[in-house]
Amino acid sequence: MLMLAVISLTKGGLEQAEKLKALKACHVFHKPKPFKEEVLRIYRDYDQILFIMATGIVVRTLGPVLGHKSSDPAVLVMDEKGKHVISLLSGHLGGANALTHEIAGLLNSVPVITTSSDTNNLLSVDMLAEKNGWLLRDFEGAKKVTALLVDGHKIHTHNFKVDEKAYDDQNGDGLVYLGHKDMTFDKPNVRLIPKNLVLGIGCRKNTPYHILEAFIMVVLREHGFEKEAVSKITSAWVKKDENCLNVLSEAWQIDFETYDKDQLLSVETLFESSEFVKETIGVGCVSEPSGYLGSDKGSCLLHKIKKQGMTLSIWENTKCYTL
């Protein structure tokens, strides 16, 4: 849950802060001392910050610690009469624009949004990613494509469709594409990464969690996949209570699905089998069949890799490409 901090300096500012607190959960800090040190601490500890004071004070205080819009908290500024609420920092990825509209609605204030895509009622590339739960890593590419968007150009969605103004799946002067690998185009472009990877996993009983995770991380890095793009891990029914798999699911906050013997046998002939595994649990393979089923019979991006009694294959659910 995102936590909001509200910082005020005057009696009027405190009145606005307390009024907001009665309507929305937040922590109020009035005249924090020493001011700069406390503000910077709050900046590090909170996801959202509303300053009820002059914008210049905020700019001079935060200037030295500003990082990147992908990591900075949402920062808003409001006057002590509550007339205007300004989205100052991290309008898109940090959620400042949305929070500005919310607080303005609660306090009957005028929301002030200055990002070009919003003022032109257009969905920027970073918000396109946010809306669909996709990852954005190429912020420079996103900036170039969004600049074309706000200048009135169409944006080509290369391998997916969205019902959004100015996005076209047939042509455009800029391009957005979905995928896990970089592609080359003759126009400004940006790659968005779907969170649709499924890891099919087999392992010996009582495999230590740190060994399994290290193995997976090495494979992901070597093949250019993002950990955050993994949505699910899968295995055989006999691994339902395997500690390392359950810990991995909890630590990465992803689903863990297992498939029974009949389900795995129904697709077993599609994959390489092991006589040893078949004699042990009744099916000849686990990693690839479970990954195949877990991805809704999607595409295999990496066939089975073996190491120290562990097997791993990487799949993707391709349904996101047909939005």
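Reading guide: rules and limits
- Residues numbered from 1 in each chain as written.
- Predicted model: local features only at pLDDT ≥ 70, side-chain atom pairs only at ≥ 80, totals over all residues.
- Heavy atoms only, no water.
- Helix = DSSP H or I, 4+ residues; strand = E, 2+ residues; numbered from the N terminus.
- Buried < 20%, exposed > 50% of the residue type's maximum accessible area, 1.4 Å probe, protein only.
- Contact = heavy atoms within 4.5 Å.
- Areas by Shrake-Rupley, 256 points an atom, 1.4 Å probe, with all protein chains shown as cover.
- Lys, Arg positive; Asp, Glu negative; His and termini not counted.
- Salt bridge = Lys/Arg side-chain N within 4 Å of Asp/Glu carboxyl O.
- Polar contact = N/O pair within 3.5 Å; in protein donor to acceptor, adjacent residues only side chain to side chain.
- Core = buried A, V, L, I, M, F, W, Y, C linked by side-chain atoms within 4.5 Å.
- Pairing = 2+ DSSP bridges.
- Axes fitted to C-alpha atoms, helices over the stretch in contact; angles between N-to-C directions.
- Arc of directions from axis to C-beta.
- Phe/Tyr/Trp six-rings, centres within 6.5 Å; stacked < 30°, edge-to-face > 60°.
- Lys NZ or Arg CZ within 6 Å of the ring centre and 35° of its normal.
- Right-handed = clockwise from strand over helix to strand, strands pointing away.

**Q** So what's going on with the overall build of the protein? Residues and values would help.
**A** From N to C terminus, the protein includes twelve helices and 16 strands. In terms of overall dimensions, the protein has a C-alpha envelope of 75 × 45 × 30 Å along the principal axes. In the protein, which comprises 323 residues, the share counted as buried stands at 47%. A fraction of 56% describes how many contacts in the protein between residues 6 or more apart in sequence connect residues 24 or more apart. Accessible area for the protein stands at about 16,300 Å²; split by element, carbon and sulfur atoms hold 50% of it.

**Q** Lay out the side chain of E288 in plain terms, naming residues and giving numbers.
**A** Positionally, E288 belongs in helix α12 (residues 287–294). Here E288 sits buried without a salt bridge, and the closest side chain of opposite charge, K304, lies 4.7 Å off (N-O distance). Looking at E288, its side chain comes within polar contact range of the side chain of H303, at 3.1 Å.

**Q** Can you break down the nonpolar core residue by residue, with the values?
**A** Ranked by internal contacts, the top residues of the largest apolar core, which has 26 residues, are L199, I201, I216, L220 and W252. Elements that contribute at least two residues to this core include exactly β12 (197–203), α8 (209–222), β13 (230–236), α9 (243–252) and β16 (310–316). Counting residues per element, this core draws most heavily on α8, which supplies six residues. If we skip the residues at most four places from it in the chain, I216 touches L199, I201, L248, W252 and L312.

**Q** Give a description of the sheet that holds strand β15 (residues 299–307) that names residues and reports values.
**A** Spatially, β14-β13-β12-β16-β15 is the arrangement adopted by the five strands of the open sheet, whose pairing is mixed. Since the sheet does not close on itself, it has two edges, and those belong to β14 (255–259) and β15, each with one partner. Adjacent strand axes in the sheet meet at a mean angle of 20° when their direction is disregarded. Summarising the sheet, β12 and β16 pair through seven bridges and their orientation is antiparallel. Bridging from a neighbouring strand, V198 pairs with W315 of β16.

**Q** Requested: an account of helix α6 (residues 125–132), with residues and values cited.
**A** Where α6 is concerned, the buried positions are V125, D126, L128 and A129. Looking down the long axis of α6, one finds its buried residues gathered within 160° of arc, a one-sided arrangement. Those residues of α6 hidden inside the fold are in contact with β7 (135–136), α7 (139–150), β9 (167–168), β10 (174–178) and β11 (189–193).

**Q** Account for the sheet that holds strand β1 (residues 4–8), naming residues and giving values.
**A** Taking strand neighbours across the sheet as the criterion, the six strands line up as β2-β1-β3-β4-β5-β6 in an open arrangement whose pairing is mixed. Looking at strand neighbours, the two that pair on one side only are β2 (27–30) and β6 (110–112), the edges of this open sheet. The mean inter-strand angle of the sheet, taken between neighbouring strand axes irrespective of direction, is 20°.

**Q** Give a detailed account of the side chain of H180, specifying residues and quantitative values.
**A** Along the polypeptide, H180 turns up in the loop between β10 and β11. Of note is the side chain of H180, whose polar atom sits 2.7 Å from the side chain of N196. Those residues in contact with H180 that sit more than four places away from it in its chain are R191, I193, P194, N196, L197, G224, F225, A229, L301, E316 and Y321.

**Q** Go over the packing of aromatic side chains with me, naming the residues and quoting the values.
**A** Summed over all chains, the structure comprises six aromatic pairs. Geometrically, the ring pair formed by F29 and Y46 is edge-to-face, given 5.8 Å between the ring centres and 85° between the ring planes. Of the two residues, F29 sits in strand β2 while Y46 sits in the loop between α2 (35–45) and β3 (48–52), which places them 17 residues apart along the sequence. Looking at F29, the relative accessible area reads 18%, which means it is buried. Clustering of aromatic rings is evident, with ring pairs tying together F271, Y292 and W315. Over the ring of F225 we find K181; its NZ or CZ atom is 4.6 Å from the centre of that ring.

**Q** Run through the pairing of strand β4 (residues 74–78), naming residues and quoting values.
**A** Remark: a regular strand shows side chains that alternate across the two faces of the sheet. With five of its five residues buried, β4 lies for the most part within the structure. Alternating residues of β4 divide into A74, L76 and M78 and V75 and V77, and every residue in both groups is buried. Inspection of the sheet shows β3 paired to β4 by five bridges, in the parallel sense. In the sheet register, F51 faces β4, and the bridge partner there is V77. Following the backbone out of β3, through helix α3 (residues 55–62) and into the adjacent parallel β4, one traces a crossover that is right-handed. Judged from the four bridges that link them, β4 and strand β5 (residues 84–89) form a sheet pairing that is antiparallel. Across the sheet, residue L76 finds its bridge partner in β5, namely S87. Where β4 folds back on β5, the antiparallel hairpin that results is connected by five residues, among which G82 adopts a positive phi of roughly 70°.

**Q** Break down α12 for me, citing the residues and quoting the values.
**A** Because the α-helix completes a turn every 3.6 residues, residues three or four places apart line up on one side. Within α12, eight of the eight residues are buried, which leaves the element mostly enclosed by the surrounding structure. Listed in full, the buried residues belonging to α12 are S287, E288, P289, S290, G291, Y292, L293 and G294. In the core, the buried residues of α12 are packed alongside β12, β13, β14, α10 (261–265), β15 and β16. Note on α12: the residue one or two positions beyond its end, D296, has a positive phi of about 60°.

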